[in-house]
Amino acid sequence: MKVRGALRAAVMGSMLVTLVPVLGGCDPEVPPVADVPRTADPGERGLTEADFPRVQEVAPGVYAYEALRSAGEERFTTVSMFVVTSEGVLVADGQGNVEETERMLAAISDRTDQPVTHLVVASDHGDHTGGNTAFPDGIEVLAHPTSAGVIDAAAARARSGEDGRPIPPVATRLVDERAVVELGGREIHVLFLGRAHTGGDLAVHVPDGGVLFLSEAYLNRVFPAMRSAFPSEWVAMIERAQAVEADIYLPGHGFVESPAVLEEELETYRRALVRVIDEARRLHAENLSADEAVERAEFGELETWSLRSSQAATAIRRVYAELNGELPDSPGR
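Reading the values: rules and limits
Residues numbered from 1 in each chain as written. Predicted model: local features only at pLDDT ≥ 70, side-chain atom pairs only at ≥ 80, totals over all residues. Heavy atoms only, no water. Salt bridge = Lys/Arg side-chain N within 4 Å of Asp/Glu carboxyl O. Helix = DSSP H or I, 4+ residues; strand = E, 2+ residues; numbered from the N terminus. Buried < 20%, exposed > 50% of the residue type's maximum accessible area, 1.4 Å probe, protein only. Phe/Tyr/Trp six-rings, centres within 6.5 Å; stacked < 30°, edge-to-face > 60°. Lys NZ or Arg CZ within 6 Å of the ring centre and 35° of its normal. Polar contact = N/O pair within 3.5 Å; in protein donor to acceptor, adjacent residues only side chain to side chain. Contact = heavy atoms within 4.5 Å. Pairing = 2+ DSSP bridges. Axes fitted to C-alpha atoms, helices over the stretch in contact; angles between N-to-C directions. Expected span 1.5 Å × (residues − 1). Arc of directions from axis to C-beta. Core = buried A, V, L, I, M, F, W, Y, C linked by side-chain atoms within 4.5 Å.

(A) Layout of the pattern of salt bridges. Applying the stated criterion across every chain, the model contains 19 salt bridges. Measuring nitrogen to oxygen at the nearest pair gives 2.8 Å for the salt bridge that ties R282 to E279. On the criterion of helical spacing, the pair formed by R282 and E279 is a turn pair, its members being 3 residues apart in helix α6 (residues 259-285). What makes R282 partly exposed here is its relative accessible area of 36%. Here E279 falls in the buried class, since its relative accessible area comes to 8%. Its salt-bridge partner being R282, residue E286 comes within 3.2 Å of it at the nearest N-O pair. A relative accessible area of 38% means that E286 is categorised as partly exposed. Salt bridges sharing common partners tie together R38, R221, E264 and E265.

Written as structure tokens, this is what we have:
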């Protein structure tokens with residue numbers, strides 16, 4: 001880890017201590033990295049609905065918010081981040097519905113009297129934007145142009161009454177490559193590191209806290225979800241993220257662990273993406289159809305990851321589309 005300064009070390013040490021009961025241990029000492037459960041399944045950790053939401057201060061004034069959600073019969077966490085300053089609060093990613101987003105806003109209000117002033121749409125998928133109508137009017141909404149199109153279209157449907165929903169906030173500031181939010185004496189960097197899970201993926205970097213929130217570009221022990229992904233570019237995006245000066249890499253799904261585990265698991269996830277891509281390439285080279293490849297694909301240890309049953313076929317087909325030149329052209333990175 002690239003820990004900088006006694007304060008950073010002290011904060012991360014405190015974070016490790018708070019994680020001990022979550023990791024299922026009764027020993028008051030911090031468990032070794034090797035003893036941490038490597039799974040996104042809350043049931044395998046002995047956790048229930050009553051254990052959520054979980055809020056952890058991962059650096060001074062920087063919090064991870066984990067809510068439990070369902071996908072079919074499987075359960076896993078959706079992670080948001082919020083940064084508290086003396087002049088307002090920045091939230092990176094909402095939650096999937098209004099009720100859960102309101103719960104997150106209540107958790108924020110428990111920790112500060114400052115209002116939410118900024119929202120970063122790091123992922124434009126519904127499980128991170130479905131509750132955005134809960135955010136206060138007048139906030140600044142930062143999004144990549146690709147994601148701005150998605151959330152603006154949702155707002156247009158709401159205005160027309162097409163879907164019978166309240167009008168969600170639209171993008172007020174576009175982030176093509178990098179934007180800096182100056183709030184309460186802190187700089188928060190919003191970065192486009194390349195297309196990954198959605199094509200408009202943003203990362204949020206808090207330099208003075210050593211935190212990098214990667215949203216759905218980093219799924220901790222969740223099978224690579226590629227419905228709208230750019231597989232090979234996703235790997236390159238992760239590698240750019242690994243080069244960012246950070247101590248704590250926060251995922252968009254899966255558990256928030258100690259800094260050491262999160263850094264290790266980010267590399268594990270990069271390798272998982274490579275494994276999926278390589279398997280699809282192997283089958284494609286054998287001239288198998290996408291349907292045949294779905295039946296033949298083998299993913300090694302990824303077979304045990306959350307959402308393997310629902311996401312593997314989609315991932316194979318998406319890599320096939322990339323290999324066949326069927327994905328949208330590169331935006332010029």
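(B) The packing of aromatic side chains, seen in detail. Evaluation of the coordinates by the stated rule reveals 6 aromatic pairs. Ring centres of F52 and F255 lie 6.3 Å apart, and the angle between their planes is 40°; this geometry places the pair in the tilted category. With a gap of 203 residues between them, F52 in the loop between α1 (5-19) and β1 (54-59) and F255 in the loop between β12 (248-250) and α6 connect regions that are remote in the sequence. Here F52 and F255 have matching classes, each one buried. Their ring planes at 45° and their centres at 6.4 Å tell us that Y218 and Y269 sit as a pair that is tilted. Taken together, the residues Y218 in the loop between β11 (211-213) and α5 (231-242) and Y269 in helix α6 connect sequence positions 51 residues apart. Each member of the aromatic cluster is reached from another via a ring pair, and the members are Y218, W234, Y269 and W305. The ring of F230 carries the charged tip of R195 above its face, separated from the ring centre by 3.7 Å.

(C) A look at the side chain of E100. Residue placement: E100 occurs in helix α2 (residues 98-109). A distance of 2.7 Å separates a polar atom in the side chain of E100 from a polar atom in the side chain of Y65. If we skip the residues at most four places from it in the chain, E100 touches Y65, A67 and Q95.

(D) Examining the sheet that holds strand β6 (residues 140-143) more closely. Here 7 strands make up an open sheet; going across it, the order is β1-β2-β3-β4-β5-β6-β7 and the pairing mixed. The open sheet is flanked by β1 and β7 (173-174), the only strands paired with a single partner. As judged from the 5 bridges shared by strand β3 (residues 74-85) and strand β4 (residues 88-92), these two strands associate in the antiparallel manner. Across the sheet, residue M81 finds its bridge partner in β4, namely A92. Packing of α2 onto the sheet brings it into contact with β1, β2 (62-71), β3, β4 and β5 (116-121), and relative to β2 it is tilted by some 160°. Helix α4 (residues 145-160) rests against β5, β6 and β7 of the sheet, and its axis sits at about 125° to β6.

(E) Summary view of α2. In this model α2 runs 16 Å from its N-terminal to its C-terminal C-alpha over 12 residues, within 8% of the 16 Å that 1.5 Å per residue would give. Along α2, the residues classified as buried are E100, T101, M104, L105, A107 and I108. Down the axis, α2 shows its buried residues gathered within 155° of arc, on one side only. Against the buried residues of α2 lie β1, β2, β3, β4 and β5.

(F) Representation of the nonpolar core. If you look at the biggest cluster of nonpolar residues, it comprises 72 residues, and the most contacted ones within it are M81, V211, L214, W234 and L250. Considering each element in turn, this core owes the most residues, 9 residues, to α6. Excluding residues within four positions of it along the chain, W234 makes contact with R195, A196, H197, E216, A217, L219, A225, M226, A229, Y269 and L273. Counting 22 residues, the second largest nonpolar core, distinct from the first, contains V89, M104, I108 and L119.

(G) Molecular detail of the side chain of H144. Looking at the element boundaries, H144 is found in the loop between β6 and α4. Of the polar contacts made by the side chain of H144, one reaches the backbone nitrogen of T146; its length is 3.0 Å. Setting aside its immediate chain neighbours within four residues, H144 contacts V175, D176, F192, G199, G200 and L202.

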